[in-house]
Amino acid sequence: MDPFSVFSVLNSIFPADPPPTGCQSLAPLCTCHGHPVTRIECHGNQYLPAFQHVNLPDLTHLDLSRNTIHTLQGTRPFKGMKTSGRGVRLTFSHNTVKSVDGDYFAGIAHATEVLDLSGNSISSLVNLGQFTSLEEINLSDNQLRAFPRAVCQARSLKYISLRANHIRDWRGEINSMIACRRLLKVYTDETHVSCDCASLQHYFYYHSSALPLYTDERGGALMCDEKSERELIGRRTNTLKKSDVCRICDCQPGNSWRITPTIFLTLSLLLLTHF
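Residues numbered from 1 in each chain as written. Predicted model: local features only at pLDDT ≥ 70, side-chain atom pairs only at ≥ 80, totals over all residues. Heavy atoms only, no water.

Chemist: Talk me through the environment of G220; I want residue IDs and the actual numbers.
Modeler: In this fold, G220 is placed in the loop between β12 (213-214) and β13 (223-224). Judged by relative accessible area, which is 22%, G220 ranks as partly exposed. Residues G220 and Y187, spaced 33 residues apart in sequence, show a C-alpha to C-alpha distance of 9.5 Å. (Helix = DSSP H or I, 4+ residues; strand = E, 2+ residues; numbered from the N terminus. Buried < 20%, exposed > 50% of the residue type's maximum accessible area, 1.4 Å probe, protein only.)

Chemist: Account for the pairing of strand β4 (residues 88-91), naming residues and giving values.
Modeler: Looking at chain direction, strand β3 (residues 61-63) and β4 are connected through three bridges and run parallel. Bridge pairing links H61 to R89 in β4. Bridge count between β4 and strand β6 (residues 112-116): four bridges; the pairing is parallel. Bridge pairing in β6 places T91 opposite D116. (Pairing = 2+ DSSP bridges.)

Chemist: Tell me about the pairing of β6, and please be specific about residues and values.
Modeler: Counted residue by residue, β6 has four buried out of five residues, so it is predominantly covered. Two elements, β6 and strand β8 (residues 136-138), share three bridges in a ladder whose sense is parallel. When the sheet's bridge partners are listed, V114 is paired in β8 with E136.

Chemist: Which residues make up the state of the cysteines, and what values go with them?
Modeler: For the structure on display, the rule yields six disulfides. For C195, the disulfide goes to C224, at an S-S distance of 2.1 Å. Taking the sign of the S-S torsion, -80 degrees for the link of C195 and C224, the bridge is left-handed. One end of the pair, C195, is in the loop between β11 (192-193) and α2 (197-200); the other, C224, is in strand β13, with 29 residues separating them in the sequence. On the basis of relative accessible area, C224 is assigned to the buried category, the value being 2%. Paired through a disulfide, C197 and C249 show a sulfur-sulfur distance of 2.2 Å. Its S-S torsion of approximately -80 degrees makes the covalent link between C197 and C249 left-handed. Of this pair, C197 sits in helix α2 while C249 sits in helix α4 (residues 242-249); the two residues are 52 residues apart in sequence, bridging distant segments of the chain. Relative accessible area serves as the criterion here: at 5%, C249 is assigned to the buried category. Disulfides within the chain link the bonded cysteines, taken in sequence order, as 1-3, 2-4, 5-6, 7-9, 8-11, 10-12. (Disulfide = S-S within 2.5 Å.)

The structure is reproduced here in structure tokens:
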């Protein structure tokens, strides 16, 4: 009998233990809490354990803060991970991350409702479309110099904190928020912003709600400064209305991410004449 056949016979008599699929497979790098497990904490590590194919249907919080993780791109440590499907808080705060690629989170992105990336060195983010349930992202205390447009790919996003970054002139960032259709609040360090037509007329062409710029969770909105349109000086950004802004500024689409009816008609005519 050949060696392979011998192994097959022995394996049928003495089957090997199946690989662990629960929290025990993450030891000793992580600590699990709850029965069934609802929270996992992994701190002080130089690398992540393999979460692939781990079955955690009741998980609500995965805390991977305070490690020495340098990058969130490339490998996909969560691919094949089984969770409840949504409502997970995923924490990567206080690492040394410089860039983020949403593909890294395949396997858990769809279930993530809150993503905490605060206290890193992040200067860029890409490919966040997999975060279909994401409602809140914390990017405070990083190295961002502009509003990260990639967050608008997360279509359910409502809240984003950008405190303690290097964004100083919010006038130039307003149009970057156009694609965030459900965004309610953007937390900043600033207290004032220039509400002029160049920065408002495109945003309010697509949005009926006020500018989502706030200084704190209690509802303190930014104030339109003295460089704003005369009628808007002293107004708070959360009180601006589309009717007021468009009366003053003649709202128009500009260079936006949306295909306007005019552009759509032009493209349609070009296609018809071509064929």
